[in-house]
Amino acid sequence: MSETTDIAIEYRDVTKAYGEKTVLSHFDLRVQKGEFLTIVGSSGCGKTTALKMVNRLIEPTSGDVLVGGRNVRDVDAIELRRSIGYAIQGSVLFPHMTVEENVSYVPNLLNRRDRARTERAVSKWMDIVGLPQDMLDRYPAELSGGQQQRVGIARALAASPDTLLMDEPFGAVDEITRGQLQTEIARIHRECGITIMFVTHDIGEALRLGTRVLVLDAGRIQQYGTPQEILARPATEFVERLVARQRHACDLSDERLCACEHSGAARAEAALLAQGADKGE
Ligand SMILES: Nc1ncnc2c1ncn2[C@@H]1O[C@H](COP(=O)(O)OP(=O)(O)OP(=O)(O)O)[C@@H](O)[C@H]1O
Ligand SMILES: [Mg+2]
């Protein structure tokens, strides 16, 4: 297999400017297939901009973005967006459609004639994101924030994309729901082998979920490495500061959580242990 076939997403010398203001500068990045890439950095550093270039919601000022080896400029934007899952913070469900209609929206566009196949896919994704099937007939307004977030993820996944873009998808939910959603997404990634780009402003979440972590600041890549590399060998002062805060947070919390800070599965285990403790088990 040639080297390039293992690359899911590639940025080649990408610069994005709005007038005088350069948001991303000579951005080069290769994301391997099957990677769970987390992108972390301070507000306004260009995370969303980088993500939206993948599905052409934003076009680069110069440079190229390739998805599956194809320059996105050469791909029809609508076709591209249907082939890439996209989940963002808060609920972006169609309010006038039921959960089922929301989740089946893209699969129906893709295979209009095969309703049974779509139904199976919808049912499968409801299970995977941990929602009961009897919720399919409800409208978004009849769901909690965390449930809406899960439906959003099911909808993003229902077209069986190879690539999933997530922009602070768990930002608007409480800590417990967030932990559950992190566990679900880590499992989905493990089981489905999709490539995920996941933007967060939370270094803890980035280290926990990512197989690789990209740290951005001021439109430039500060470090791109495994969570272990980022923790052990911060490449710049910015990364050092980010990680130091995280180490400090670890010192203050449960030792087990600290030890497994980059393992979603182990964190889930710790959460389960905590639930058991609540029940006096
Ligand atoms: N359409 C636009 N016109 C001008 N400036 C823009 C536009 N869109 C984004 N920007 C600027 O580009 C910079 C990067 O924005 P971006 O949304 O990528 O940041 P971010 O890292 O996702 O931030 P946050 O963590 O707050 O979501 C910001 O300074 C923002 O103000
Ligand atoms: Mg953003």
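Because the structure is predicted, anything quoted here is derived from the model rather than measured.

A few points about helix α5 (residues 115-128)
Right, so step 1: For α5, which comprises 14 residues, the first-to-last C-alpha distance of 20 Å matches the rise-based estimate of 20 Å (1.5 Å per residue) to within 8%.
Right, so step 2: Listed as buried for α5 are Thr 118, Ala 121, Val 122, Trp 125, Met 126 and Ile 128. Summarising the axial view, the buried residues of α5 lie within an arc of 160°, below the 170-degree limit, and thus occupy one face. Facing away from the buried surface of α5 by more than 90 degrees, the exposed residues are Glu 119 and Arg 120.
Right, so step 3: Structurally, α5 contributes buried residues whose contacts are with α3 (99-103), α4 (105-110), α6 (145-157) and α7 (175-192).
Right, so step 4: Immediately beyond the C-terminal end of α5, within one or two residues, lies Gly 130, with a positive phi of roughly 80°.

Focus: the nonpolar core
Right, so step 1: Counting residues in hydrophobic clusters, the biggest one holds 32 residues, and the most contacted among them are Ile 153, Leu 164, Met 166, Ile 185, Ile 188 and Ile 196.
Right, so step 2: Contributing elements (two or more residues each) for this core: α3, α5, α6, β7 (163-167), α7 and β8 (195-200).
Right, so step 3: No other element matches α6, which puts five residues into this core.
Right, so step 4: The residues touching Ile 188, leaving out its near neighbours within four places in the chain, are Trp 125, Ile 128, Val 129, Leu 157, Gly 193 and Ile 194.

Regarding the packing of α6 against α7
Right, so step 1: The geometry of α6 relative to α7 is characterised by a closest axis approach of 11 Å and an angle of 15° between their N-to-C directions. By the criterion of interaxial angle, the relationship of α6 to α7 is roughly parallel. Handedness of the crossing formed by α6 with α7: right-handed. When α6 is examined against α7, the residues Gly 146, Gln 149, Arg 150, Ile 153 and Leu 157 are found in contact with a partner set consisting of Thr 177, Gln 180, Leu 181, Glu 184, Ile 185 and Ile 188.

Considering the sheet that holds strand β1 (residues 7-18)
Right, so step 1: Pairing is antiparallel across the open sheet formed by four strands, whose spatial order is β2-β1-β4-β5. Of all strands in the sheet, those bounded by a partner on one side alone are β2 (21-32) and β5 (70-71).
Right, so step 2: Where β1 meets strand β4 (residues 62-67), five bridges bridge the pair, whose relative direction is antiparallel. Along β4, the bridge assignment pairs Thr 15 with Ser 62.

Remarks on α6
Right, so step 1: Here α6 contains 13 residues, and its C-alpha end-to-end distance of 18 Å stays within 8% of the 18 Å for a straight helix at 1.5 Å per residue.
Right, so step 2: Among the 13 residues of α6, 11 are classified as buried, and the element is accordingly described as predominantly covered.
Right, so step 3: Contact partners of the buried residues in α6: β6 (84-88), α3, α5, β7 and α7.

Regarding the side chain of Gln 148
Right, so step 1: With respect to the helices, strands and loops of the structure, Gln 148 is situated in helix α6.
Right, so step 2: A distance of 2.9 Å separates the side chain of Gln 148 from the backbone oxygen of Pro 140, its partner in a polar contact.
Right, so step 3: Looking at Gln 148, its side chain comes within polar contact range of the main-chain oxygen of Leu 143, at 3.1 Å.

Analysis parameters
Residues numbered from 1 in each chain as written. Chains lettered and ligands numbered in written order. Predicted model: local features only at pLDDT ≥ 70, side-chain atom pairs only at ≥ 80, totals over all residues. Heavy atoms only, no water. Helix = DSSP H or I, 4+ residues; strand = E, 2+ residues; numbered from the N terminus. Expected span 1.5 Å × (residues − 1). Buried < 20%, exposed > 50% of the residue type's maximum accessible area, 1.4 Å probe, protein only. Arc of directions from axis to C-beta. Contact = heavy atoms within 4.5 Å. Core = buried A, V, L, I, M, F, W, Y, C linked by side-chain atoms within 4.5 Å. Axes fitted to C-alpha atoms, helices over the stretch in contact; angles between N-to-C directions. Parallel < 35°, antiparallel > 145°, perpendicular 65-115°, else oblique. Left-handed = near helix turned anticlockwise from the far one by under 90°. Pairing = 2+ DSSP bridges. Polar contact = N/O pair within 3.5 Å; in protein donor to acceptor, adjacent residues only side chain to side chain.

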